[in-house]
Amino acid sequence: SCAISPKAIVSDACASYSTLEHLNHDVKPALDDLTRTTDFFSHYRLNLFNKRCPFWNDENGMCGNIACAVETLDNEEDIPEVWRASELGKLEGPRAKHPGKSVQRQEPKRPLQGKLGENVGESCVVEYDDECDDRDYCVPDDESAASKGDYVSLLRNPERFTGYAGDGAKQVWDAVYRENCFQKSSFPQSASLGETYSVPKGPAAQDFRAVMQAAGRQQVLEQQREQNPLVPFVAKTGLELEDECLEKRVFYKVVSGMHASISTHLCWDFLNQTTGQWQPNLSCYINRLHKFPDRISNLYFNYALLTRAVAKLGPYLSSHEEYTFCTGDPAQDADTRAKVLAVTSKAANSVPGPVFDESLMFKNGEGPSLKEDFRNRFRNVSRLMDCVGCDKCRLWGKLQTAGYGTALKVLFEFANNDTPAATTSTSDEIPFKLKRTELVALFNTYARLSSSLEAVQKFRAMVEETETES
Ligand code: FAD
C-alpha cells in the first residue's frame, strides 16, 4: 500500500506529488460538479458578522497603528474605488437569512437529517439547532450566537485576491502559528526533532540555534523573528523523524498547508490593479510558495489528509440512507447524494490503499494525552477566524478551518474501519453525526485544495517556461 504516514514529508517515496496529482486529476471533476452544481454544497451557513474576535480588540486587529491606517489610505487613494481592498473583500450576492427558530420548532429534532422548512424561499438550507459535541475540532459557528447566521453563496464569493494585508492579517497568522506551541514555553536545553518551541528574542535565540546545531540538526528555520519574538522556531531535520512529536508536526502542517492554499488562490486569482485584469500572478507564487518547498509539501499533505477523510466518510454516507440532503425535492436529493458518493468513491479508489495513515497518531508516548490539547488548539484556530478583518477572507477562513476540523473529527473520532459504523456503535451512540455545515465545509475545503494543486502545477510549468526562456 502507498499510505502517507503523518510523519512523512510529502515528496517522500510513494507519497509523491505526482501520485497526488494523478489522484486529483481523477477526483476534481466530480468534486467541482458537487460543489458547483448542487444547492446543498454551494451555500454555506455561518455567523459572519455577529461574532467579535475573542482574543483582541478587532478594531485594533484591522489596523493596529496609525502608520498602517495612513499607509492603507495612501495606497487606496491611488486605485479606483471598485478595486480597493475594502470593496474587494465584501461579499456579493443576496444573503439568505435563516428562517428562524419558529420554522425549526415545527419539526421534531432529528440531528441526522436536514429538512426543508415550510414557507422558505430557498431550497435545501434549513437544519435543526446544532448541539456542541465534545468531539468537535472547531467551534460550531452558532455555538453562542443568538442568530443562526446567514447563508452565503460560495459561487458568488470566490476565494481570491482581496488586498487584505498589513498588521491585521499578520496578527491573525502569527496567532494561528502560536497555537502550535503545545505547552513548550521555556528555553529547551535539548531539542526534539521536528518539535516547535517558543523562545525569547535575543541571545537565547542564538543559544537555541547552538543547541540545535550541536545536536546535529541540519537546519533551524526562523519565522518572523524580527517582527514577533514569540513566533515559534520550527526545528527541521533531514534525519528520519521520531514518533515523539508527531501530533505537533501534523498540527503545524495542517495550518501551514491551509495558509499555503489561501496564498495559492490569491496568487492565482489576482487583481492586477494597473490593468484591472484578474489573472495569475507568477511573482506572487514565487515569493510566497515556490521559494518555500515546505509550504507546498504541507499543501499536498493536507490534500492527502482530506482525501482520506472524504474516502472514510463514503461508507457512512452510503449506509445512512436516511441522511437526506434536501427532502423538499426527492429528485434533487438523489442527485446530490449520487454526486457526493461519486467524490467519496473516487477518493477511495484512485490509489491503492488509504492515501494517509492516521492510525499512527495519538497512539504512542504522550500521544493520547495530546489529543485533547490538539483539539483545543484547533478550536482556537477556528475562533481566530473571527479576528479576520475582511468579509470574504473571513468567510473562507471560517469555512476552511471548519473543513479541516471536520476532517480531523472523521479521522480521529469515527470508527476506523470500512464497514458502516452502525456495526460498531452501541445503542447510546449516534453512529453518524455530522452537521450540514460540517459536510459542506469538508467538501468545499477539499475542493479548495484540489484547485490549489491544479494551480500549483500550472504555476510550476510557468516557472519552468520562464527558466527555459532565460
Ligand atoms: P502572509 O501570507 O500574511 O504570511 C505571514 C507570514 O507567515 C510570512 O511572512 C511567513 O513568515 C509565514 N508564512 C507564510 N505562508 C506560510 C505557510 N504556508 N506556512 C508557514 N508559514 C507561512 N488575502 C486575500 O487576498 N484573499 C483571501 O482570501 C485571504 N484570506 C485570508 C484568510 C485568513 C484567515 C487570513 C489571516 C488572511 C487572509 N488573506 C487573504 C491575507 C493573506 O493571507 C496575507 O496575509 C496577505 O496577502 C499578506 O501576505 P504576506 O506576504 O504579508 O504574508
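The rules we used
- Residues numbered from 1 in each chain as written.
- Predicted model: local features only at pLDDT ≥ 70, side-chain atom pairs only at ≥ 80, totals over all residues.
- UniProt positions renumbered as here; feature names shortened; annotations may be inferred.
- Helix = DSSP H or I, 4+ residues; strand = E, 2+ residues; numbered from the N terminus.
- Buried ≥ 20, exposed ≤ 12 C-beta atoms within 10 Å, placed from the backbone.
- Contact = placed C-beta atoms within 7 Å.
- Core = buried A, V, L, I, M, F, W, Y, C linked by C-beta atoms within 7 Å.
- Pairing = 2+ DSSP bridges.
- pLDDT = per-residue confidence, 0-100.
- Expected span 1.5 Å × (residues − 1).
- Near = placed C-beta within 6 Å.
- Nonpolar A, V, L, I, M, F, W, Y, C, P; charged D, E, K, R; others polar.
- Bend = angle between axes of the 7 residues up to and from the residue.
- Axes fitted to C-alpha atoms, helices over the stretch in contact; angles between N-to-C directions.
- Parallel < 35°, antiparallel > 145°, perpendicular 65-115°, else oblique.
- Left-handed = near helix turned anticlockwise from the far one by under 90°.

- Under an unreviewed UniProt entry, the protein chain has the name WGS project CABT00000000 data, contig 2.8 and belongs to Sordaria macrospora.
- If you open the UniProt record of the protein chain and go to Subcellular location (unreviewed entry), you find "Endoplasmic reticulum membrane".

**Section: the overall build of the protein chain**
Then, in step 1: The helix and strand inventory of the protein chain stands at 15 helices and 8 strands.
Then, in step 2: Looking at the protein chain residue by residue over its 470 residues, the buried ones come to 41%.
Then, in step 3: Considering only contacts in the protein chain between residues 6 or more positions apart, those separated by 24 or more positions represent 77%.

**Section: the environment of G403**
Then, in step 1: One can find G403 in helix 14 (residues 391–413).
Then, in step 2: With 91 residues separating them along the chain, G403 and K312 place their C-alpha atoms 15 Å apart.
Then, in step 3: For G403, the contacting residues outside a window of four places in its chain are A441, L442, N444 and T445.

**Side note on the nonpolar core**
Then, in step 1: Grouped together as the largest cluster of nonpolar side chains are 84 residues, with contacts concentrated most on A309, V310, A407 and F443.
Then, in step 2: When residues of this core are assigned to their parent elements, the largest contribution, 14 residues, is made by helix 11 (residues 293–319).

**Focus: the pairing of strand 1 (residues 43–46)**
Looking along a regular strand, one sees the side chains alternate between the two faces of the sheet.
Then, in step 1: Residues H43 and R45 line one face of strand 1 and the alternating positions Y44 and L46 line the opposite face, and both faces are buried.
Then, in step 2: Relative to strand 3 (residues 150–153), strand 1 runs antiparallel, the two sharing 4 bridges. When the sheet's bridge partners are listed, Y44 is paired in strand 3 with V152.

**A closer look at the confidence of the model for the protein chain**
Then, in step 1: On average, residues of the protein chain score 70 in pLDDT, and 58% of them are at 70 or above.
Then, in step 2: With pLDDT under 50 throughout, residues 183–191 is counted as low confidence; its partners more than four residues away or in other chains account for 14 contacts.
Then, in step 3: Overall fold confidence for the complex sits at a pTM of 0.77, while the interface term, ipTM, reaches 0.99.

**A short note on the UniProt feature "binding site: FAD" (unreviewed entry) in the protein chain**
Then, in step 1: According to UniProt, the "binding site: FAD" (unreviewed entry) feature falls on R160, T162, W173, S256, H259 and R288.
Then, in step 2: Here S256 shows up in helix 9 (residues 246–268).
Then, in step 3: Sequence-distant contacts of S256, that is, excluding residues within four places in its chain, are made with R295 and N298.

**Examining helix 12 (residues 330–349)**
Then, in step 1: Taking 1.5 Å as the rise per residue, helix 12 with 20 residues should run 28 Å; its terminal C-alpha atoms sit 28 Å apart, in good agreement.
Then, in step 2: Here helix 12 has its buried residues at T336, K339, V340, V343, T344, K346, A347 and A348.
Then, in step 3: The inward-facing, buried residues of helix 12 abut helix 1 (17–37), helix 2 (39–42), helix 11 and helix 15 (436–469).

**Quick look at the site of the ligand**
Then, in step 1: Every one of the 25 residues lining the ligand counts as a neighbour, but A169, S256, R295, C393 and G397 are closest to it.
Then, in step 2: Of all the secondary structure elements, the ones that give two or more residues to the shell around the ligand are helix 7 (167–178), helix 9 and helix 14.
Then, in step 3: Among the residues forming the shell around the ligand, the class breakdown is 13 nonpolar, 7 polar and 5 charged.

**Side note on helix 1**
Since the α-helix advances by 3.6 residues per turn, residues separated by three or four positions end up pointing in the same direction.
Then, in step 1: Taking 1.5 Å of rise per residue, 21 residues should cover 30 Å, and helix 1 covers 29 Å from first to last C-alpha, within 8% of that figure.
Then, in step 2: Along its length, helix 1 reaches its greatest deviation from straightness, about 40°, at V27, and the proline P29 lies no more than four positions downstream.
Then, in step 3: Its buried side turned inward, helix 1 meets helix 2, helix 11, helix 12 and helix 15.

**Regarding the packing of helix 11 against helix 14**
Then, in step 1: Where helix 11 contacts helix 14, the two axes come as close as 9 Å, and the packing angle between them is 60°. It follows that helix 11 is oblique to helix 14 by the angle criterion. In the packing of helix 11 onto helix 14, the handedness of the crossing is left-handed. Where helix 11 abuts helix 14, its residues L305, L306, R308, A309, K312 and L313 lie against A407, V410 and L411.
Then, in step 2: When its residues are assigned to classes, the contact of helix 11 with helix 14 shows 7 nonpolar, no polar and 2 charged.

**Description of the packing of helix 11 against helix 15**
Then, in step 1: With their axes 10 Å apart at the nearest point, helix 11 and helix 15 run at an angle of 140° to one another. It follows that helix 11 is oblique to helix 15 by the angle criterion. Crossing hand, helix 11 versus helix 15: left-handed. Mapping the contact onto sequence places I296, L299, N302, Y303, L306, A309 and V310 in helix 11 and L442, T445, Y446, L449, S452, L453 and V456 in helix 15.
Then, in step 2: The residue makeup of the contact of helix 11 with helix 15, split by class, is 11 nonpolar, 3 polar and no charged.

**Some thoughts on the UniProt feature "active site" (unreviewed entry) in the protein chain**
Then, in step 1: With numbering matched to this structure, UniProt assigns "active site" (unreviewed entry) to C390 and C393.
Then, in step 2: As for its placement among the helices and strands, C390 is situated in the loop between helix 13 (367–384) and helix 14.
Then, in step 3: Beyond its immediate sequence surroundings of up to four residues, C390 is in contact with G89, T162 and Y164.
Then, in step 4: Note on C393: 22 C-beta atoms within 10 Å, which makes it buried.
Then, in step 5: Leave out the neighbours within four places in its chain, and C393 touches G89, T162, Y164 and V388.

**Here's the deal with the environment of R377**
Then, in step 1: Topologically, R377 is positioned in helix 13.
Then, in step 2: Once the C-alpha coordinates of R377 and F270 are considered, the two residues, 107 residues apart in sequence, prove to be 32 Å apart.
Then, in step 3: With residues up to four places along the chain from it excluded, the contact list for R377 reads E179 and F251.

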